[in-house]
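Inside the fold
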Amino acid sequence: VAAQPGVLQTTTNFHNALSVDAVSRATGLPWVYEMRGNMEQSWIARQPVERREELLSSQRYLRMRDRETEMAGRANHVVVLSSTQKSGLVDRGIEADKITVIPNSVDVDLLSYERDPIAAQQALGLPAGFWVGSVTAVVDYEGLPTLLRAVATLRGKGLPVMAAIVGDGVALPGLRTLATELGIEDAVVMPGRVRPEEALKWYAALDVFAIPRVSTEVTRTVTPMKGVQAMALGVPLVVSDLPALVEVGAKAGQGLVVPPEDPPALANALQSLAENPRLCSDLSAAGRIAAADRTWDAAGQTYLEIYRSLAVTAQQQNSPKISQQ
């Protein structure tokens, strides 16, 4: 017997939504639009810095934004990653009660993972030191030059701070050049892209996980998954003062917040952690508590509640009316 769907779902971008909306109108089935980012903001973030302000009024940007708003309005329900993203949609005219926040989540097993930074560093062949870094896509808006400059500042003070930037991307060659220019190439490891099981070892090896993103539309509204993974593993966070990052990485006391693109401020935050094991321990514990609400199991339960509600509403709307005489 062929399966009979009760609810349709798609994710960004609006090209997907157009197709599912057409199927919904043809079948009467309700549909959910999962907005895992904002298409137009991601496009802006990939453009040269000097052109971004100008492109915010371009026809391409405005049409993408209008299309995404239109699809969110047509959907029976919308799922977003953060409260910041939800507020943005409400400002664009989408009803708040049809939007649910389901954040980037992690496997529940990470919450019980016994992290041993020293053992992980040794397993990866890393020298002893205070390791800060990120496991990330190495792109311009991640703000990783700020991290390297902060590390250079701390090493200039004689602190044994080391940096690991794990991942690949268009900004990687520039970061390697910058590390050489700063004279810290021997204190920075950039292994490039690694397998998922290897990435877990790099997370575990870090004493501090940094997300020093620059301020753009997309970084202010979209929450990265890497911060949640670090929290689940108990790695203290330092994040840029951007709404989406504060929501996921510091709101519950699990991380320190610094202004974006401010190497001295980031250096000060990292130094406070390097010199205060108790603070690191407190942030680690708070991160695991916060991550407990961001598991895939919890996300699945929320989705199930949405699907059940939509299915019941659709059934009521499609059921034959009984005349009362």
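All residue numbers refer to positions counted from 1 along the written sequence of the respective chain. Thresholds applied to this predicted model are a pLDDT of at least 70 for local features of residues and 80 or more for the giving and counting of side-chain atom pairs; totals over whole chains, interfaces and linings are not thresholded and use all residues. Neither water nor hydrogens contribute to the side-chain values; these are computed over all heavy atoms in the structure.

**Side note on the confidence of the model for the protein**
Confidence of the predictor at the level of single residues is given by pLDDT, which spans 0 to 100. On average, residues of the protein score 90 in pLDDT, and 97% of them reach the 70 mark or higher. In what follows, a contact means two residues having at least one pair of non-hydrogen atoms within 4.5 Å. Across residues 321-325, where pLDDT falls below 50, the model places one contact with residues more than four positions away in sequence or in other chains.

**Points about the environment of Pro212**
Numbering goes from the N terminus for both helices and strands, where a helix is a DSSP run of H or I of at least four residues and a strand is a run of E of at least two. Structurally, Pro212 can be placed in the loop between strand E8 (208-211) and helix H10 (217-221). Working definition: with a 1.4 Å probe on protein chains only, accessible area under 20% of the residue-type maximum means buried, over 50% means exposed, and in between means partly exposed. On the accessibility criterion, Pro212 (6% relative accessible area) is buried. In this structure the C-alpha to C-alpha distance between Pro212 and Asp241, which are 29 residues apart in sequence, comes to 8.7 Å. Contact partners of Pro212, with chain neighbours within four places excluded, come to Glu142, Gly143, Leu144, Leu147, Ser240 and Leu266.

**A word on the sheet that holds strand E6 (residues 161-166)**
Here six strands make up an open sheet; going across it, the order is E7-E6-E5-E8-E9-E10 and the pairing parallel. Pairing within the sheet leaves two strands with one partner each, and these edge strands are strand E7 (188-192) and strand E10 (255-258). When the angles between neighbouring strand axes are averaged without regard to direction, this sheet yields 20 degrees. Only the contacting stretch of a helix is used when fitting its axis, a line to C-alpha atoms as for every element, and angles between N-to-C directions run 0 to 180 degrees. Against the sheet, helix H7 (residues 144-156) touches strand E5 (130-135), E6, E7 and E8, its axis set at about 165 degrees to E6. Lying on the sheet, helix H13 (residues 263-274) is in contact with E5, E8, strand E9 (237-240) and E10; it crosses E10 at an angle near 160 degrees. Paired strands, in this sense, are two strands between which DSSP finds at least two bridges.

**Details of H13**
Each turn of an α-helix holds 3.6 residues, which means side chains three or four residues apart point in the same direction. When the terminal C-alpha atoms of H13 are compared, their 16 Å separation across 12 residues agrees well with the 16 Å that a helix rising 1.5 Å per residue should span. Of the residues making up H13, those classed as buried are Pro263, Ala265, Leu266, Ala267, Ala269, Leu270, Gln271 and Leu273. Of the surrounding secondary structure, the elements contacted by the buried residues of H13 are E5, H7, E8, E9, E10 and helix H14 (277-291). A helix's residues, less one, multiplied by 1.5 Å, set its expected span.

**Overview of the pairing of E5**
Counting buried positions along E5 yields six of six residues, so the element is predominantly enclosed. Along E5, one buried face is formed by Phe130, Val132 and Ser134 and the opposite face, lined by Trp131, Gly133 and Val135, is buried too. By the bridge criterion, six bridges tie E5 to E6 in an arrangement that is parallel. Its bridge partner lying in E6, Gly133 is registered against Ala164. We call a crossover right-handed when, viewed with both strands directed away from the observer, the connection leading from the first strand over the helix to the second proceeds clockwise. Between the parallel pair E5 and E6, the chain is carried across by H7, and the sense of this crossover is right-handed. Judged from the two bridges that link them, E5 and E8 form a sheet pairing that is parallel. Paired with Val132 across the two strands is Val208, which belongs to E8.

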